[in-house]
Amino acid sequence: MDHNHRDMGTLGDALKGLTSRLRRVDFDLLPRVVEMWPDVVTPALAERCQPVLIKDGLLVVHVPSGAYAERIRSDEAVIIEALSKLGAGAPRGVRTVVK
């Protein structure tokens, strides 16, 4: 019985951590970012780099290579400026993930 109680505590802690992380993810704004993306970046970047998540004010973008990550980072100010039209919840920075 004590073992089950300990497992429930572990599960409860895991669920608390998950809900805490999900609260920091903006699910509502991402579709608008995806819709704007081709107008925000160059056609080559729009085709190969996908915005996938907004978390803690950062737009997470999947890129195919380090070279594309560097391009996104170098265009970060332009990207953030364009997305600022989305209002108070707009991303304040960009993070790239090579996928």
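Preceding block: the structure.
Here's a quick rundown of the structure. Chains are numbered independently. Their residues run from 1 in the order of the written sequence. With pLDDT at 70 or above as the cut-off, local features in this predicted model cover only qualifying residues; side-chain atom pairs require 80 or more to be listed or tallied, and sums for whole chains, interfaces and linings still use all residues. Each side-chain value is derived from all of the structure's non-hydrogen atoms; neither hydrogens nor water enter the calculation.

A short note on the nonpolar core
The biggest cluster of nonpolar side chains holds 21 residues, and the ones touching the most others in it are Trp 37, Leu 59, Ile 72 and Ile 79. In this text, helices come from DSSP runs of H or I with a minimum length of four residues, and strands from runs of E with a minimum of two, each type numbered from the N-terminal end. Sorting the residues of this core by element identifies α2 (30-40), β2 (58-63), α4 (66-74) and α5 (76-83) as the ones contributing at least two each. In what follows, a contact means two residues having at least one pair of non-hydrogen atoms within 4.5 Å. Setting aside anything within four residues of it in sequence, one finds Leu 59 in contact with Leu 30, Val 33, Trp 37, Pro 51, Leu 53, Ile 54, Ile 79, Leu 83, Pro 91, Gly 93, Val 94 and Arg 95. Take the buried Ala, Val, Leu, Ile, Met, Phe, Trp, Tyr and Cys residues and link them wherever side-chain atoms come within 4.5 Å; each set so joined is a nonpolar core. Note on classification: 1.4 Å probe, protein chains only; a residue is buried when its accessible area is under 20% of the maximum for its type, exposed when over 50%, partly exposed between these limits.

Describing unusual backbone geometry
The phi dihedral of Asp 56 falls on the positive side, at around 55 degrees, and the residue is not glycine. Following the sequence through the fold, Asp 56 ends up in the loop between β1 (50-55) and β2.

Brief notes about the sheet that holds β2
Within the open sheet, the three strands sit side by side as β1-β2-β3. Their pairing is mixed. Sheet topology places β1 and β3 (93-98) at the edges, where each strand pairs with a single neighbour. The average angle at which neighbouring strand axes cross in this sheet is 30 degrees, direction not considered. For two strands to be treated as a pair, DSSP must find at least two bridges joining them. Judged from the five bridges that link them, β1 and β2 form a sheet pairing that is antiparallel. From the neighbouring strand, Ile 54 faces β2, where its bridge partner is Leu 59. For helices, the fitted line uses only the C-alpha atoms of the stretch in contact; every axis is such a line through C-alpha atoms, and the angle between N-to-C directions lies from 0 to 180 degrees. Its contacts with the sheet place α2 against β1 and β2, and it is angled at close to 150 degrees to β1. α4 rests against β2 and β3 of the sheet, and its axis sits at about 175 degrees to β3.

Re the environment of Thr 42
Here Thr 42 shows up in the loop between α2 and α3 (43-48). Along the primary structure Thr 42 and Ile 72 are separated by 30 residues, whereas in three dimensions their C-alpha atoms are 10.0 Å apart.

Examining the pattern of salt bridges
Only one rule defines a salt bridge in this text: a Lys or Arg side-chain nitrogen within 4 Å of an Asp or Glu carboxyl oxygen. Applying the stated criterion across every chain yields a total of two salt bridges. A salt bridge links Glu 47 to Arg 48, with the nearest nitrogen and oxygen atoms 3.9 Å apart. For Arg 48, a relative accessible area of 36% translates into the label partly exposed.

A closer look at α2
Inspection of α2 places Leu 30, Val 33, Trp 37 and Val 40 among the buried residues, and these make up the whole buried set. Buried residues along α2 cover an arc of 80 degrees about the axis, so they all sit on one side. Exposed residues pointing more than 90 degrees away from the buried face of α2 are listed as Glu 35 and Asp 39. Elements that come into contact with the buried residues of α2 comprise α3, β1, β2, α4 and α5. Arc, as used here, means the arc of the directions from the helix axis to the C-beta atoms.

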